[in-house]
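Structural features, examined
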Amino acid sequence: PKSRRQPKDTYLQVPKVPDPSSYGLKSVLNSLQFAVLDQSGDGLVEEWELATGLEAQISNGAKDVWRWIDENHDEQLDLQELQGVVGKTFEGEKLTPGQKISSSTWRLLSVLADHFSQMDLSRSARISVPLANDLVQNMLRSVPLLEERLALFDAVAGVGEGDSFGSFTEEDFKKWQAKSQKGPKKASRKKGDTTEL
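Residues numbered from 1 in each chain as written. Predicted model: local features only at pLDDT ≥ 70, side-chain atom pairs only at ≥ 80, totals over all residues. Heavy atoms only, no water.

1. Some words on the confidence of the model for the protein chain
Of all residues in the protein chain, 84% have pLDDT values of 70 or greater, and the mean over the chain is 86. At the low end of the mean pLDDT range in the protein chain sits strand β4 (residues 94-95), at 88; at the high end sits helix α2 (residues 34-37), at 96. A low-confidence stretch, residues 186-197 (pLDDT under 50), is modelled with 15 contacts involving residues beyond four sequence positions or located in other chains. (pLDDT = per-residue confidence, 0-100. Helix = DSSP H or I, 4+ residues; strand = E, 2+ residues; numbered from the N terminus. Contact = heavy atoms within 4.5 Å.)

Structure, rendered in structure tokens:
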């Protein structure tokens with residue numbers, strides 16, 4: 001007897017996660033204290049210290065996102081679990097009214113959906129949390145994230161500082177935090193500018 005295959009239209013579908021406008025590094029940086037960033041303790045934060053601090057915070061945040069998705073707490077992220085979270089969080093290309101998630105959480109949902117879209121879902125529709133953490137490490141090395149991080153460093157330290165092994169002080173950091181928490185002036189934003197700096 002011939003084996004029957006599942007009709008293609010009944011295959012599990014990867015949910016569409018709209019592309020977030022940024023990696024959310026500005027919000028992540030705003031949540032950190034200067035002392036956490038100043039790993040060398042010299043009163044200056046160099047680009048490598050900023051990178052290390054942001055990466056640690058994003059990696060820790062990913063653990064919370066994975067727990068949020070993993071409804072049955074089996075350390076496996078199932079496509080159905082992702083579908084449930086995305087279905088509650090988004091309506092088409094926008095957040096569901098009343099929903100608030102950080103840009104970094106949004107980006108992690110996007111990374112996970114992208115991974116599922118590249119899998120043979122007829123064989124497996126789940127990944128382990130350790131593999132999801134590897135996806136985060138790959139994301140942290142992506143060119144767009146590195147560009148956003150460099151632009152953020154320049155926003156705090158001064159334009160071009162990241163290119164010339166510059167640094168910023170606690171005073172620079174506090175000034176940047178005060179300015180960034182006021183938010184961008186709407187009139188100064190250019191159409192299509194999606195940066196979070």
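2. Notes on the pattern of salt bridges
For side chains bearing opposite charge, pairing can occur when the charged atoms are close. In total, this model carries 8 salt bridges according to the counting rule given. Of the charged contacts in the structure, one is a salt bridge between K175 and E171, with a shortest N-O distance of 3.3 Å. Within this pair, K175 and its partner E171 are both found in helix α8 (residues 170-182), separated by 4 residues, close to a single helical turn. The exposed category is assigned to E171, whose relative accessible area is 52%. Here the residues in one salt-bridge network are E55, R141 and R149, joined through shared partners. (Salt bridge = Lys/Arg side-chain N within 4 Å of Asp/Glu carboxyl O. Buried < 20%, exposed > 50% of the residue type's maximum accessible area, 1.4 Å probe, protein only.)

3. What about the side chain of H115?
Tracing the chain through its elements places H115 in helix α5 (residues 103-117). Apart from the residues lying within four places of it in its own chain, the contact partners of H115 are I127, L131 and L135.

4. As for the environment of W106
Following the sequence through the fold, W106 ends up in helix α5. Look at W106 and you get buried, because its relative accessible area is 16%. Taking the C-alpha atoms as reference points, W106 and S22, separated by 84 residues in sequence, lie 9.1 Å from one another. Here W106 is in contact with V17, P18, D19, P20, F90, L95 and I101, once residues within four sequence places are set aside.

5. Re the environment of L140
Here L140 shows up in helix α6 (residues 129-140). Along the backbone, L140 and Y23 are 117 residues apart, and their C-alpha atoms lie at a distance of 9.6 Å. Here L140 is in contact with E55, I58, S59, L145 and L146, once residues within four sequence places are set aside.

6. Digging into the nonpolar core
By size, the foremost hydrophobic cluster in this structure holds 46 residues, and its most contacted members are L29, W66, I69, L109, L112, M139 and F168. Looking at this core, the elements with two or more residues in it are α1 (25-30), α2, α3 (47-69), α4 (79-89), α5, α6, α7 (143-157) and α8. (Core = buried A, V, L, I, M, F, W, Y, C linked by side-chain atoms within 4.5 Å.)

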